Amino acid sequence: MSNKTNQQWGGRFSEPTDAFVARFTASVEFDQRMYLQDIQGSIAHAKMLTAAGVLTDAERDDIIRGLGEIRVEIERGTFEWSIALEDVHMNIEAALTQKIGITGKKLHTGRSRNDQVATDIRLYVRTEIDRILAEISRLQQGMLSLAEREVDTIMPGFTHLQTAQPVTFGHHVMAWFEMLSRDYERFVDCRKRVNIMPLGAAALAGTTYPIDRNMTCELLSFSAPAGNSLDAVSDRDFAIEFCAASSILLMHMSRMSEELVLWASAQFDFINLPDRFCTGSSIMPQKKNPDVPELVRGKSGRVYGHLMSLLTLMKSQPLAYNKDNQEDKEPLFDTIDTVNGCLRAFADMVPALESRKDSMRNAAMRGFATATDLADYLVRKGVAFRDAHEIVGKSVAFGIAEGRDLSEMTLVELQQFSAEIDADVFEVLTLEGSVAARDHIGGTAPNQVRAAVVRGHELLATRGDVA
Ligand code: ARG
């Protein structure tokens, strides 16, 4: 490496880059994680240049061999990354030239770092989306097995976090499943716009070499070459969309986390989180803290932040590439790492959740959860709904005063509020009767939850990523 100026662009410079500026403008510390994509892109580019008559077969083979060796060195940890060489692209290109000589300098023909970096990021995000999709499916698989075990487990359903109506735990878990199905679709949809190839746009206007963009596109398994060179090098919509899909996923996971944290408390006592997903306190020996869901809940914040970073990064940028865009990587990569970590933790933890059936049931018994069932019963007997509402309200007030649930009152006690009430009322006042009566698609009746689980298995089977 020449000390005077950067060897890859230093021709027109009369003094070396200021040492601080070199560090300030370098991205190699964080963009080296795209080394594989950079090498794949370069191999495809070299093959295309050869087909176009720009490189000879021997030159192409030297380039491919040299890049292969570099890959091995990087993966063994023996590759020497240099801040002076700015980024992953110039580090690899300089190493190639050192290895194979002058031919290494020909690789960059008809290409710019602007289309190179945009191509690398898209390849990288594409790989990560595929991993995320598989991990969402693994988590959903875990939800199905939990829901299956819990189809008959009765718990209170909440609105305003107040006991509303009884539901089954399986039904609640299948609500999470629905959220994740939408997340899955969002990532699949995002992938379509990630999978467009910038390579060939060069710096901004295209290139004078007879390049074959369809060939590189096919070699790199992109669905199409980008249709406009200016847009190709400057577009980061795909990164924003990725962070948006990630934000919604993390929002869902923060909601699930909040429920798990509440339910694991002594006050709710609805679930046991296996010890391996919890930690203790250094001062309070009795503590078992639900760290995993707490952290996932917290990590949603940083992913939202990254979405805002990228939107703000792109705001008002004139066409085409601007150095600002180097700032796309850290938010994007941290989003990827965060999503991977959260999904992995949840996919391991969710199928291992243990319900505390007695506590759930007792909680459902406490909040007059079958009050709506009594009102519906009265309506079936000919009482207008508003009058039924009033009758049940009075029955509940009586229950509160007596410390008893509706199902624990005698027929005579209930009849003081309405003469329409008969002995058959107790069928609807039990928790089992209440959930079983909500027997339609999407309802909480155990046989409907069983059907939802079957549909869930069918859905996962249509995906290519389920192990
Ligand atoms: N490291 C740069 C980035 O991440 C690569 C592209 C730089 N292009 C340039 N002309 N300076 O965006």
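Residues numbered from 1 in each chain as written. Predicted model: local features only at pLDDT ≥ 70, side-chain atom pairs only at ≥ 80, totals over all residues. Heavy atoms only, no water.

Peer 1: Please clarify how the overall build of the protein should be interpreted in this entry.
Peer 2: Secondary structure assignment for the protein yields 19 helices and six strands. Against the globule reference of 23 Å for 467 residues, the protein gives a C-alpha radius of gyration of 31 Å, more extended than a compact globule. Counting only C-alpha atoms, the protein reaches 100 × 50 × 40 Å along its principal axes. Buried residues in the protein amount to 49% of all 467 residues. Taking the contacts inside the protein whose residues are at least 6 apart along the sequence as the reference set, 74% of them involve residues at least 24 apart. Accessible area of the protein: about 21800 Å², with a carbon and sulfur share of 53%. Taken together, the 50 basic and 65 acidic charged side chains of the protein have centroids lying 4 Å from each other. (Helix = DSSP H or I, 4+ residues; strand = E, 2+ residues; numbered from the N terminus. Rg over C-alpha atoms; globule rule 2.2 N^0.38 Å. Buried < 20%, exposed > 50% of the residue type's maximum accessible area, 1.4 Å probe, protein only. Contact = heavy atoms within 4.5 Å. Areas by Shrake-Rupley, 256 points an atom, 1.4 Å probe, with all protein chains shown as cover. Lys, Arg positive; Asp, Glu negative; His and termini not counted. Charge placed at Lys NZ, Arg CZ, Asp CG, Glu CD.)

Peer 1: Before we go on, may I ask you to explain the packing of aromatic side chains in this structure?
Peer 2: The description of two aromatic rings rests on the distance between their centres and on the angle between their planes. Within this structure, the stated rule accounts for eleven aromatic pairs. When the centroid spacing of 6.1 Å and the interplanar angle of 65 degrees are considered together, the rings of phenylalanine 158 and phenylalanine 268 count as edge-to-face. Here phenylalanine 158, found in strand β1 (residues 154–159), pairs with phenylalanine 268, found in the loop between α10 (237–264) and β5 (271–272); they are 110 residues apart in sequence, far enough to count as distant. Connected via pairs of aromatic rings, a cluster forms that spans Phe158, Phe169, Trp176, Trp263, Phe268 and Phe270. Positioned over the ring face of phenylalanine 13 is arginine 12, at 6.0 Å from the centre of the ring. The ring of tyrosine 184 is capped by arginine 463, whose NZ or CZ atom sits 3.6 Å from the centre of that ring. (Phe/Tyr/Trp six-rings, centres within 6.5 Å; stacked < 30°, edge-to-face > 60°. Lys NZ or Arg CZ within 6 Å of the ring centre and 35° of its normal.)

Peer 1: So what exactly am I meant to see when it comes to the UniProt feature "domain: Argininosuccinate lyase C-terminal" (unreviewed entry) in the protein here?
Peer 2: Residues annotated in UniProt with the feature "domain: Argininosuccinate lyase C-terminal" (unreviewed entry) correspond here to residues 368–436. Between the C-alpha atoms that bound residues 368–436 the distance is 17 Å, and the span itself is 64% helix and 0% strand. (UniProt positions renumbered as here; feature names shortened; annotations may be inferred.)

Peer 1: Just checking my understanding: could you explain the site of the ligand for this structure?
Peer 2: Neighbouring the ligand are the residues Ser27, Asp87, His89, Arg113, Asn114, Val117, Tyr321, Gln326 and Lys329. Within the side chain of asparagine 114, a nitrogen or oxygen atom sits 2.9 Å from a nitrogen atom of the ligand. Contact between the ligand and glutamine 326: a nitrogen atom at 2.8 Å from a side-chain N or O atom of the residue. Examining the composition of the shell around the ligand, we find that three residues originate from one element, helix α6 (residues 113–149), more than from any other. (Near = heavy atom within 4 Å. Polar contact = N/O pair within 3.5 Å; in protein donor to acceptor, adjacent residues only side chain to side chain.)

Peer 1: I keep staring at the pattern of salt bridges and nothing clicks. Help me out?
Peer 2: Pairing of side chains with opposite charge becomes possible as their charged atoms draw close. Applying the stated criterion to the full structure yields 37 salt bridges. Among the ionic pairs, lysine 323 bridges to glutamate 86, the shortest N-O distance being 3.1 Å. Taken together, the positions of lysine 323 in the loop between α11 (291–314) and α12 (329–349) and glutamate 86 in the loop between α4 (57–76) and α5 (88–100) put the pair 237 residues apart, joining distant regions of the chain. A relative accessible area of 36% means that lysine 323 is categorised as partly exposed. Residue glutamate 86 is classed as buried on the basis of its relative accessible area, which comes to 8%. Salt bridges linked by common partners bring Asp62, Arg65, Glu69, Glu73 and Lys99 together as one network. (Salt bridge = Lys/Arg side-chain N within 4 Å of Asp/Glu carboxyl O.)

Peer 1: What is the right way to read the packing of helix α3 (residues 35–51) against α6 from this model?
Peer 2: A packed helix pair is summarised by two numbers, namely the angle formed by the two axes and the spacing between the axes. Closest axis-to-axis distance for the α3/α6 pair is 9 Å, and the angle between their directions is 120 degrees. Relative to α6, α3 is oriented oblique. Between α3 and α6 lies a crossing whose hand is right-handed. Of the residues in α6, those touching α3 at Gln37, Asp38 and Ser42 are Gln116, Asp120, Leu123, Tyr124 and Thr127. (Axes fitted to C-alpha atoms, helices over the stretch in contact; angles between N-to-C directions. Parallel < 35°, antiparallel > 145°, perpendicular 65-115°, else oblique. Left-handed = near helix turned anticlockwise from the far one by under 90°.)

Peer 1: When you look at a nonpolar patch on the surface in this model, what are you seeing that I'm missing?
Peer 2: A surface patch of nonpolar side chains, amounting to about 320 Å² of accessible area, comprises Phe20, Val21 and Phe24. Residue placement: phenylalanine 20 occurs in helix α1 (residues 19–25). (Patch = residues over 30% accessible without salt bridge, like charges linked within 9 Å, V, L, I, M, F, W, Y side chains within 5 Å.)

Peer 1: Explain α4 here, please?
Peer 2: Because an α-helix packs 3.6 residues into every turn, residues spaced three or four apart end up facing the same way. The terminal C-alpha atoms of α4, which comprises 20 residues, lie 29 Å apart, in line with the 28 Å expected from a rise of 1.5 Å per residue. Within the sequence span of α4, burial applies to Glu59, Ile63, Gly66, Leu67, Ile70 and Ile74. Each buried residue of α4 sits inside an arc of 100 degrees when the element is viewed along its axis, so together they form one side. For α4, the secondary structure elements touched by its buried residues are α3 and α5. Downstream of α4 by one or two residues, glycine 77 has phi in the positive range, about 85 degrees. (Expected span 1.5 Å × (residues − 1). Arc of directions from axis to C-beta.)

Peer 1: I keep staring at the side chain of arginine 111 and nothing clicks. Help me out?
Peer 2: Note on placement: arginine 111 falls in the loop between α5 and α6. The side chain of arginine 111 is buried and forms no salt bridge, while glutamate 93, the nearest opposite charge, is found at 4.8 Å. Excluding anything up to four places from it in sequence, arginine 111 contacts Gly41, Ser42, His45, Gln116, Leu199 and Ala202.

Peer 1: What's the story with the pairing of β1 in this structure? I'm lost.
Peer 2: Along a regular strand, successive side chains alternate from one face of the sheet to the other. Of the pairings in the sheet, the one linking β1 to strand β2 (residues 162–168) comprises six bridges and is antiparallel in character. Counterpart to phenylalanine 158 in the pairing with β2 is threonine 163. Connecting the antiparallel pair β1 and β2 is a turn made up of two residues, with histidine 160 showing a positive phi of about 55 degrees. (Pairing = 2+ DSSP bridges.)

Peer 1: Any chance you could explain the UniProt feature "domain: Fumarate lyase N-terminal" (unreviewed entry) in the protein here in plain terms?
Peer 2: Sequence positions flagged by UniProt for "domain: Fumarate lyase N-terminal" (unreviewed entry) are, in local numbering, residues 11–305. Along residues 11–305, the helical share is 61% and the strand share 6%, with 40 Å between the first and last C-alpha atoms.

Peer 1: Is there a simple way to think about unusual backbone geometry in this case?
Peer 2: Leave glycine aside and you will find that most residues have negative phi; peptide bonds, for their part, are mostly trans. For the bond from leucine 319 to alanine 320, the omega torsion is 0 degrees, close enough to zero to count as cis. Assignment of secondary structure puts alanine 320 in the loop between α11 and α12. Its identity is not glycine, yet aspartate 269 carries a phi of approximately 55 degrees, on the positive side. Mapped onto the secondary structure, aspartate 269 falls in the loop between α10 and β5. You will see that serine 316, though not glycine, has its phi angle at about 70 degrees, which is positive. Tracing the backbone shows serine 316 in the loop between α11 and α12. Taking relative accessible area as the criterion, serine 316 reaches 63% and is therefore assigned exposed.

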